[in-house]
Amino acid sequence: MKRLLPLALVLLAVPALADDVNRLYTETCAACHGADRLGAIGPALLPENLGRLKPAEAEKVVAEGRAATQMPAFKDQLSGEQIKALVKLVYSPVPALPLWRAEEITASHLVVTRTADLPVKPPFKADPMNLFTVVEGGDHHVSIVDGDHMKPLYRFQSRFALHGGAKYSPDGRFVYFASRDGWISKVDMWTGKLMAEIRAGINTRNVAVSDDGRFLMVGNVLPHTLVALDANDLSLLQVIPVEGDGKTSRVSAVYTAPPRHSFVVALRDLEEIWEIPYADDAAPVINGLAHSREKGLEEGVGTDGRFQALRIRTPDYLDDFFFDPGYEKVMGASRDGKKGMVIDLDLKRKIADLDLGGMPHLGSGIVFRQGERLLMATPHLKEAMVSVIDMRTWETVKRIPTLGPGFFMRGHENSPYAWVDVSMGKERDAMQIIDTRTLEIVKTVRPAKGRLTRHVEFNRDGTKLLLSVSEKDGAVIVIDAKSFAEEKRLPMNAPIGKYNVWNKITYSNGTSH
Ligand code: DHE
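Rules used throughout
- Residues numbered from 1 in each chain as written.
- Predicted model: local features only at pLDDT ≥ 70, side-chain atom pairs only at ≥ 80, totals over all residues.
- Heavy atoms only, no water.
- Donors = N, O, S within 2.8 Å, 3.2 Å for Na, K, Ca; no water.
- Helix = DSSP H or I, 4+ residues; strand = E, 2+ residues; numbered from the N terminus.
- Phe/Tyr/Trp six-rings, centres within 6.5 Å; stacked < 30°, edge-to-face > 60°.
- Buried < 20%, exposed > 50% of the residue type's maximum accessible area, 1.4 Å probe, protein only.
- Lys NZ or Arg CZ within 6 Å of the ring centre and 35° of its normal.
- Near = heavy atom within 4 Å.
- Polar contact = N/O pair within 3.5 Å; in protein donor to acceptor, adjacent residues only side chain to side chain.
- Core = buried A, V, L, I, M, F, W, Y, C linked by side-chain atoms within 4.5 Å.
- Contact = heavy atoms within 4.5 Å.

Undergrad: What's the story with the coordination of the iron atom of the ligand in this structure? I'm lost.
TA: Ideal donor angles around a metal are set by the shape: a four-donor tetrahedron calls for 109.5 degrees, a six-donor octahedron for 90 or 180 degrees. Of the protein atoms, H163 (NE2) alone serves as a donor to the iron atom of the ligand, at 2.2 Å. Mapped onto the secondary structure, H163 falls in the loop between β4 (151-157) and β5 (167-168).

Undergrad: Any chance you could explain the packing of aromatic side chains here in plain terms?
TA: For the structure on display, the rule yields 10 aromatic pairs. Their ring planes at 85° and their centres at 5.4 Å tell us that F321 and F323 sit as a pair that is edge-to-face. With a relative accessible area of 2%, F321 lands in the buried category. Each ring, one from F407 and one from F408, has its centre 4.8 Å from the other, and the planes form 45°; the classification is tilted. Grouping aromatic residues by their ring pairs yields a cluster made of F215, F263, Y278 and F307. In this structure, R159 is placed above the aromatic ring of W183, and the distance from its NZ or CZ to the ring centre is 3.7 Å. Over the ring of W502 we find R460, and its NZ or CZ is 3.9 Å from the ring centre.

Undergrad: Help me out: how do you make sense of the site of the ligand in this one?
TA: In the vicinity of the ligand there are 20 residues, among which R52, H163, K167, R410 and S512 approach most closely. Between an oxygen atom of the ligand and a main-chain N or O atom of G165, the distance comes to 2.7 Å. Among the elements of the structure, β9 (203-209), β15 (251-257), β32 (453-458) and β36 (495-500) are those that each provide at least two residues to the shell around the ligand.

Undergrad: Quick question: what am I supposed to make of the nonpolar core here?
TA: One broad rule of soluble globular proteins: the nonpolar side chains tend to lie buried together. Grouped together as the largest cluster of nonpolar side chains are 21 residues, with contacts concentrated most on I184, L216, V218, L229 and L234. Counting residues per element, the ones that place at least two in this core are β6 (174-178), β8 (194-199), β9, β10 (215-222) and β11 (225-230). When residues of this core are assigned to their parent elements, the largest contribution, three residues, is made by β10. Those residues within four positions of V218 in sequence are excluded, and the remaining contacts are I184, A200, T204, N206, V207, T225, L226, V227, L229 and V254.

See the structure below:
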């Protein structure tokens, strides 16, 4: 028979247990992950930052350690119960929203290499515009690959959990990364050397680079801020609180809109898009208002400093979005994933609805021409199809059924074929190839049977493409873009995103920006 503890004893035991686990955390984890759980040499241990890791996997990491990192195994030191309690603790919110203000950001700033110490010519024989950056999520490394000979040049450790696309300086010389923990790193593509780092947030969505190469804008989930950095040495320029109507908001994503010389920002908790002009001759935002054309549609956010945000009200929250090639219109997907809309950034209002269910992953969409038509295609995270939308009429011209919901789509101006994964469904090893002239699937390939395969990036001239087998003992596969024949495998540790310098700096229609 179970012995029941008297109620008073149970009540006394609860705080005691909480004290125990806090003490355990301080003794075992705080030195690397910070006493406040905001991260130090190890990543931040907050529920927001751990969203991609299941608690059961976290328990395994505590017990067995993490290969190729400084995370040791604790299974000989801690009991199963203690490991469970620690994991429960790090998945619970910290009592107060942590501060990450200008002073904390500035204190984290590190300049590692001086530009003057870099070579003036590439120390390799390959087109520097045809290099690729490959993010290897398995052991948090980055490889720089020579795209002419398809061989790795450098491999270096990155911050923990990079996320979002790598972004380049307009001349392609430097690459910028954002980690989910808010670290922004700048690396020289010609040497693989780390130039500078700064922690712009506690939990970051992504980073954008201005088209003139002068500024970076970082969008944060924690705290609710946008952070402007000097692209040269990553020093802090301005912290912009993301707030309006008495509420603050997380950032969904920030992108640069090159012809507008502005950053465009989608917000998670305000029904607004923000546009932040960065040109020196941009129209001023005065007392929070700027050249308002339609009352109530446009307001500015009065922060002190160079960067001011123009607010465009939207009929819904936009979690994901995509630009037309002229960067005048924004296609947005609403939070419930049931519909979409088109916002005109000049008119500053919604101009059309989009017939888009199944949670389209617009950020992964591509644009291509079909005769006179300008079409956009997007995979869906929750439906087994690719939607094709006419960018003049905003009609859905075709829904192409696929083997499963997908994450990423890619094309290139010099190839008639677009590649899409179906990795959100059961057939995670399949890639489907769509002929953009007929909008039909022409082939399904499975280069690594049963293994998670997704994310394509073409080389500079569109003749070859790289495909990721995104597993620990995975690979990047080099494929001929015409025959779809495999040419080579580069072994890599859970590679996900790959980013070709030329395609990115020219804002190719077939890739993400
Ligand atoms: Fe991403 C880009 C949002 C989950 C890998 N992802 C982006 C971007 C956004 C976004 C807004 C564009 C930023 C940019 O490039 O500047 N991602 C989200 C989510 O909301 C989502 C669904 C949930 C979340 O965890 O935040 C999500 N993403 C994932 C993953 O699970 C992936 C597969 C693995 C991972 O690393 O977490 C993943 N996301 C990527 C990659 C890109 C990306 C590789 C860049 C794609 C590109 O080609 O540009």
